[in-house]
Amino acid sequence: QIPIPSVPAFQPSTSIPERLEAIQRYIRELQYNHTGTQFFEIKKSRPLTGLMDLAKEMTKEALPIKCLEAVILGIYLTNNMTTLDRFPISFKTHFSGNYFRHIVLGVNFGGRYGALGISRREELMYKAPVFRTLSELVFDFEEAYRRCWHTLKKVKLGHCVSHDPHSVEQIEWKHSILDLDKLSREDFRKELERHARDMRLKIGKGTGPPSPTKDRKKDVSSPQRGQASPHRRNSRGDRRPSAEKKPADSKAMPDLNGYQIRV
């Protein structure tokens, strides 16, 4: 009988780096799926709560997984680590006339960056949280690809994922898309650090991880768009119809506009 890997359980005194190592061992024990058959269907547009239900099913079935499934599983197993920031990092590479795609779960603990994931290559999955900057982490992946004779073409970075397993928000998979053919080395580094700064500001303002009410409104208004621009478009769109409905009621207009500003 094939042994089923046990989901790691932690004592309150277990440090975050030790927990990440144990989670990575568990993901590795599930093994990489070489069969060519996708055992779990993952739709990136699903709300977080649905993806967490799927991750729970993965732990029960204990079947081999691929990189995207490992990211969802990593989010599920780190949900109770509220001091850990999690965000997706996607890579597009070129080798021997073909393009390849890979994804890992970036993590940030105490200002140090690392990653969880699974790959055919050992150097393209787990990274301990020891990198001082996001650019150092990504450059380490780039060097690992270079050793595999792959050329890194694009990097897509998402925003931090909520720690609320019942959140109805969607994971923001590609907040920043960096095309290395169009960026110099220094510009590439600056864009990576800009994204890291944006994530810190989003968390500092309280608009990051658990804000289910606000996030639910965003999802309803524009589920496939980014977080910033739809607000401006929606606010302009809201003003036009309200003016068309009551063109003659000039006294009501100031109150209506004031209400919109408060919202």
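Residues numbered from 1 in each chain as written. Predicted model: local features only at pLDDT ≥ 70, side-chain atom pairs only at ≥ 80, totals over all residues. Heavy atoms only, no water.

By the naming in an unreviewed UniProt entry, the protein is VASH1 protein, taken from Nothocercus julius.

A. Quick peek at a nonpolar patch on the surface. Among the surface-exposed residues, F95, F100 and W149 lie close enough to one another that they form a single nonpolar patch of about 360 Å² accessible area. Considering the arrangement of structural elements, one finds F95 in strand β1 (residues 85-95). With a relative accessible area of 33%, F95 lands in the partly exposed category. (Patch = residues over 30% accessible without salt bridge, like charges linked within 9 Å, V, L, I, M, F, W, Y side chains within 5 Å. Areas by Shrake-Rupley, 256 points an atom, 1.4 Å probe, with all protein chains shown as cover. Salt bridge = Lys/Arg side-chain N within 4 Å of Asp/Glu carboxyl O. Helix = DSSP H or I, 4+ residues; strand = E, 2+ residues; numbered from the N terminus. Buried < 20%, exposed > 50% of the residue type's maximum accessible area, 1.4 Å probe, protein only.)

B. Local environment of the side chain of H195. Position of H195 among the secondary structure elements: in helix α5 (residues 185-204). With a relative accessible area of 0%, H195 lands in the buried category. In this view, H195 contacts L134, L157, G158, H175 and S176; residues no more than four positions away in its chain are not counted. (Contact = heavy atoms within 4.5 Å.)

C. Molecular detail of the nonpolar core. By size, the foremost hydrophobic cluster in this structure holds 36 residues, and its most contacted members are I65, I72, L73, I75 and I171. Those elements that provide at least two residues to this core are α1 (16-30), α2 (48-61), α3 (67-77) and β2 (98-109). Per-element accounting of this core gives the leading share, 8 residues, to α3. Once residues lying within four places of it in the same chain are set aside, the contact partners of L73 are Y26, I27, L30, A55, M58, T59 and I65. In this structure, F91, Y113, A115 and Y145 belong to the second largest nonpolar core, which totals 24 residues. (Core = buried A, V, L, I, M, F, W, Y, C linked by side-chain atoms within 4.5 Å.)

D. Inspection of the environment of W149 at higher detail. Structurally, W149 is set in the loop between α4 (134-147) and β5 (151-157). Since its relative accessible area comes to 68%, W149 is described here as exposed. Spatially, the C-alpha atoms of W149 and S96 are 8.8 Å apart, while their sequence positions differ by 53 residues. Beyond its immediate sequence surroundings of up to four residues, W149 is in contact with H94 and F95.

E. Structural detail: the sheet that holds strand β4 (residues 127-131). On the basis of which strands lie adjacent, the open sheet formed by 6 strands has the order β4-β3-β2-β1-β5-β6 and antiparallel pairing. Two strands lie at the open edges of the sheet, namely β4 and β6 (176-179), each paired on one side alone. Between one strand axis and the next, the sheet turns by 25° as a mean value, whatever way the strands run. Here β2 runs beside strand β3 (residues 112-116); their pairing, made up of 5 bridges, is antiparallel. What sits directly across from V107, in β3, is G114. (Pairing = 2+ DSSP bridges. Axes fitted to C-alpha atoms, helices over the stretch in contact; angles between N-to-C directions.)

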